[in-house]
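Each chain, letter by letter, is given below.
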Amino acid sequence: MSRRPRRAELLLLGATLLALGLGLWGAELAFRAWAPPAELLGHALGDLHVYSERYGWEPRPRFRGRVAGARVTINARGYRGRLHPARPTPGRPRWLLLGDSVTFGYRVHDEQAFAHLLEADGRAEALNLAVEGWGTGQQVLRLEHELAGARATGVLLNLCLENDVVDNWLGAHLYDGRSPQPYFRLERGRLVLHDAHLRLPAWRRPGLWLERHS
């Protein structure tokens, strides 16, 4: 093949990829102009979550929509309910709530979740750090990540006997069998975290970025 046809083919390929990229970006801008990204999300539980290399999955920051018929709001920090200031309000104890769907408030509206009810009278603050499907191991990891900056008075842990015992030794989500999750093993008298399977290869990272931002 001569150099000129090869160059023409490369130019055609480049133009095609550029046109495809501009078309996708134009569609993204059009959808964002039509409605905020969170409003484009569906009603399925999977739409609420994004992939996490620390926890396996976590709530999508700034999500607003309906999940299982209930109004759900995720703030910019990635937990349900209003965004609390960095420092607790003077005179109000601050509680961190850990758990799974029971604590999160699956199938109930924001104002019906018991984290909201705990602070409804203004005498306390409650940060709802619970996530559907999480086991105690994931909850411990989130506590370690959030505790220092939260300046909490205490922690309320909800243990769901129906599934938490099983969740704590599985390497993948109990209900779909695909979503990887961290777990701990008792090795030589101490708990050892196993989370290497959550690290994404480089070729999958662009897809993760698109999932979180598109």
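Scroll up a little and you will see the structure.
Structure report, in brief. (Residues numbered from 1 in each chain as written. Predicted model: local features only at pLDDT ≥ 70, side-chain atom pairs only at ≥ 80, totals over all residues. Heavy atoms only, no water.)

**Topic: the overall build of the protein**
This is how it is decided: What counts as a helix is a DSSP run of H or I of at least four residues, what counts as a strand is a run of E of at least two, and both are numbered from the N terminus. Atoms counted for the radius of gyration: C-alpha only. Globule rule: 2.2 Å times residue count to the power 0.38. A simple rule labels every residue: compare its accessible area, found with a 1.4 Å probe on the protein chains alone, to the largest value its type can have, and call it buried under 20%, exposed over 50%, or partly exposed in between. Whether two residues are in contact is decided by their heavy atoms: any pair within 4.5 Å suffices.
Assigned secondary structure in the protein consists of seven helices and nine strands. Relative to the 2.2 N^0.38 estimate, which gives 17 Å for 214 residues, the radius of gyration of the protein is 22 Å and therefore markedly larger than a compact globule would have. Based on the C-alpha atoms only, the size of the protein along its principal axes is roughly 75 × 50 × 30 Å. A total of 214 residues make up the protein; the buried ones form 34% of that total. Long-range contacts, defined as pairs at least 24 residues apart, comprise 62% of the intrachain contacts of the protein with a sequence gap of at least 6.

**Some remarks on the pattern of salt bridges**
Oppositely charged side chains can pair when the atoms bearing their charge come close. Test applied: Salt bridge criterion: a side-chain nitrogen from Lys or Arg within 4 Å of a carboxyl oxygen from Asp or Glu.
Applying the stated criterion to the full structure yields eight salt bridges. Here Glu146 makes a salt bridge to Arg77, at a shortest N to O gap of 2.6 Å. Residue Glu146 is located in helix α5 (residues 136-150), and its partner Arg77 is located in the loop between β4 (70-73) and β5 (94-98); the two are separated by 69 residues in the primary sequence. Measuring nitrogen to oxygen at the nearest pair gives 2.8 Å for the salt bridge that ties Asp121 to Arg123. Look at Asp121 and you get partly exposed, because its relative accessible area is 44%. Look at Arg123 and you get exposed, because its relative accessible area is 62%. Because the salt bridges share partners, they merge into one network encompassing Arg77, Arg142 and Glu146.

**Some details on the environment of Leu48**
Here Leu48 shows up in helix α2 (residues 45-48). Once the C-alpha coordinates of Leu48 and Pro61 are considered, the two residues, 13 residues apart in sequence, prove to be 9.0 Å apart.

**Overview of the nonpolar core**
Burial of nonpolar side chains together is a common tendency in soluble globular proteins. Keep this limit in mind: The set of buried Ala, Val, Leu, Ile, Met, Phe, Trp, Tyr and Cys residues whose side-chain atoms join them within 4.5 Å is what this entry labels a nonpolar core.
Of all hydrophobic cores here, the largest spans seven residues; its members are Leu48, Phe63, Val67, Val72, Ile74, Phe104 and Ala130. If we ignore the near neighbours within four places in the chain, the residues touching Leu48 are Glu58, Pro59, Arg60, Phe63, Val67, Val72, Ile74, Phe104 and Glu132. Counting residues in hydrophobic clusters, the runner-up holds six residues, among them Leu96, Leu127, Leu129 and Ala150.

**So, the pairing of strand β1 (residues 49-52)**
Every other side chain in a regular strand lies on the same face of the sheet, so the side chains alternate between the two faces. Quick note on the threshold: Only strands that DSSP links by at least two bridges are regarded as paired with each other.
Alignment of β1 against strand β2 (residues 56-59), held across four bridges, turns out to be antiparallel. Within β2, the residue paired with Val50 across the bridge is Glu58. Counting the residues between successive antiparallel strands, the hairpin from β1 to β2 contains three residues.

**Overview of empty space enclosed by the protein**
We apply this condition: Within this scheme a cavity is a closed region of a 1 Å grid, computed over the protein atoms alone, that accommodates a 1.4 Å probe without allowing it to escape, whereas a pocket is open but has protein on both sides within 12 Å along at least five of seven lines; lining residues each have an atom within 4 Å of a point. Grid points are joined across faces, edges and corners, and a volume is the space filled by probe spheres set on the points. Charged residues are taken to be Asp, Glu, Lys and Arg, nonpolar residues to be Ala, Val, Leu, Ile, Met, Phe, Trp, Tyr, Cys and Pro, and polar residues to be all remaining types, Gly included.
Throughout the structure, instances matching the rule amount to one cavity of 30 Å³ or more. By volume, the largest cavity is sized at about 40 Å³. Taken together, Arg77, Tyr79, His84, Pro85, Ala86, Arg94, Leu127, Gly149 and Ala150 make up the lining of the largest cavity. Tallied by class, the residues present in the lining of the largest cavity amount to five nonpolar, two polar and two charged.

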